[in-house]
Amino acid sequence: MTKTVHIYAMGSCNALLREGFARVLIERDNQEIPLTFHYQYTALKRSLIQGLIDGVLQLDEPCHVVLVTLSRLALEKAAVGEGPNRDLIYELYEVLSAPSCTYSFDFREGQGTALSKYIMGNSR
């Protein structure tokens, strides 16, 4: 049976300084692994997508990955070669295929407070 791994991610960015970070929580095998990644020369959604990429890069075996975010990430635009973050979306798909993972997205639009509490609460 294929293991299921949940990767929760939230991004943040100081638009003036173009410095951002992503808080990521990986749940697998009854373990919770909190991570924080910092980025330079970025934007909010780029920080979020890069956080998903960096979270997936922690995986070392085939599994089913559920990527949980607040934003739809403009996946439809990237699928037709459009959108400002299509390069990172393509990279996300590429890193998911490296350990032969299947994946799905769970978009929690409008649930920022709850998702933030969940990620931060499990990061202690």
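Each remark here, short or long, concerns the structure printed above.
Worth saying up front: this structure is predicted, and the values here are computed from it rather than measured.

Things to note about the packing of helix α1 (residues 44-56) against helix α3 (residues 86-97)
Right, on to step 1. Two numbers describe how α1 lies on α3: the axes approach to 9 Å, and their chain directions differ by 10 degrees. Comparing their axes, α3 and α1 come out roughly parallel. The interaxial crossing formed by α1 with α3 has left-handed handedness. Where α1 abuts α3, its residues Arg46, Ile49, Gln50, Leu52, Ile53 and Val56 lie against Asp87, Leu88, Ile89, Glu91, Leu92, Val95 and Leu96.
Right, on to step 2. A per-class count over the contact of α1 with α3 returns nine nonpolar, one polar and three charged.

Some words on the packing of aromatic side chains
Right, on to step 1. In total, this model carries four aromatic pairs according to the counting rule given.
Right, on to step 2. Considering the side-chain rings of tyrosine 103 and phenylalanine 105, the 5.9 Å spacing of their centres and the 80 degrees angle between planes classify their relative orientation as edge-to-face.
Right, on to step 3. On the basis of relative accessible area, tyrosine 103 is assigned to the partly exposed category, the value being 36%.
Right, on to step 4. One aromatic cluster is present, formed by Tyr93, Tyr103, Phe105 and Phe107 through successive ring pairs.

Reading guide: rules and limits
- Residues numbered from 1 in each chain as written.
- Predicted model: local features only at pLDDT ≥ 70, side-chain atom pairs only at ≥ 80, totals over all residues.
- Heavy atoms only, no water.
- Axes fitted to C-alpha atoms, helices over the stretch in contact; angles between N-to-C directions.
- Helix = DSSP H or I, 4+ residues; strand = E, 2+ residues; numbered from the N terminus.
- Parallel < 35°, antiparallel > 145°, perpendicular 65-115°, else oblique.
- Left-handed = near helix turned anticlockwise from the far one by under 90°.
- Contact = heavy atoms within 4.5 Å.
- Nonpolar A, V, L, I, M, F, W, Y, C, P; charged D, E, K, R; others polar.
- Phe/Tyr/Trp six-rings, centres within 6.5 Å; stacked < 30°, edge-to-face > 60°.
- Buried < 20%, exposed > 50% of the residue type's maximum accessible area, 1.4 Å probe, protein only.

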